[in-house]
Amino acid sequence: LVGLFFGSVSLAVVVRAGSSLPSNALFSQAFKLRPLVRDDVLGTMVTISGVICFTVFQGFATYRHTVAEFMEAVLSVQSVLWVVVVLLLLIISYVWVHLHQVDRSSAQNLTRAI
């Protein structure tokens, strides 16, 4: 949320959209949902390089914020609370997935039979 205040809207949209594919690949590995295949790696690398190119060549914003404004926004109660809530949700979901894992061998055998 702080990044939206200090960056342009176009930058925030590209970074948000460009982070979905790499995060899907990361979480599918973390939760052992499916193996990482070559197309996942290539797609992730292309997406990350596209975001980097857009970020580098987009230009500068018209108004520049100071370091003091940035630190005030980052250290505000709302910002810290948001980060803590998101981190807690991530930890809870990770634990929930590991506690509720199902035996995948029977599903794989059923898929082969069909």
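Owing to the predicted nature of the structure, the values given are computational and were not obtained by experimental measurement.

### As for the overall build of the chain
Consideration 1: Along the backbone of the chain there are 7 helices and 0 strands.
Consideration 2: Across the chain, helices and strands are ordered from the amino to the carboxyl terminus as α-α-α-α-α-α-α.
Consideration 3: Split into buried and exposed, the 114 residues of the chain put 11% on the buried side.
Consideration 4: Pairs at least 24 residues apart make up 73% of the contacts formed inside the chain by residues separated by at least 6 positions.
Consideration 5: Here the chain has roughly 9200 Å² of accessible surface; of this, 73% comes from carbon and sulfur atoms.

### Notes on the side chain of Ser 79
Consideration 1: Locating Ser 79 in the fold gives a position in helix α6 (residues 77–99).
Consideration 2: At 3.3 Å, the side chain of Ser 79 forms a polar contact with the backbone oxygen of Val 74.

### Some remarks on helix α3 (residues 20–30)
Consideration 1: Restricting attention to buried positions, one finds in α3 the residues Pro 22, Ala 25 and Ser 28. What you see down the axis of α3 is that its buried residues fit within an arc of 130°, all on one side. In α3, the exposed positions that point more than 90 degrees away from the buried face belong to Asn 24 and Leu 26.
Consideration 2: Looking one or two residues past α3, Lys 32 carries a phi angle of roughly 55°, positive in sign.

### Examining the side chain of Ser 28
Consideration 1: Position of Ser 28 relative to the elements: it lies in helix α3.
Consideration 2: Residue classification places Ser 28 among the buried positions, given a relative accessible area of 9%.

### A few points about the confidence of the model for the chain
Consideration 1: For the chain, mean pLDDT is 76; residues scoring 70 or higher make up 75% of the total.
Consideration 2: Averaged over each element, pLDDT in the chain is lowest for helix α1 (residues 2–6) (55) and highest for α6 (90).

### Let's talk about the environment of Phe 27
Consideration 1: Along the polypeptide, Phe 27 turns up in helix α3.
Consideration 2: Assessed through its relative accessible area of 32%, Phe 27 is described here as partly exposed.
Consideration 3: For the pair Phe 27 and Tyr 94, spaced 67 residues apart in the sequence, the C-alpha separation amounts to 9.4 Å.

Basis of the calculations
- Residues numbered from 1 in each chain as written.
- Predicted model: local features only at pLDDT ≥ 70, side-chain atom pairs only at ≥ 80, totals over all residues.
- Heavy atoms only, no water.
- Helix = DSSP H or I, 4+ residues; strand = E, 2+ residues; numbered from the N terminus.
- Buried < 20%, exposed > 50% of the residue type's maximum accessible area, 1.4 Å probe, protein only.
- Contact = heavy atoms within 4.5 Å.
- Areas by Shrake-Rupley, 256 points an atom, 1.4 Å probe, with all protein chains shown as cover.
- Polar contact = N/O pair within 3.5 Å; in protein donor to acceptor, adjacent residues only side chain to side chain.
- Arc of directions from axis to C-beta.
- pLDDT = per-residue confidence, 0-100.

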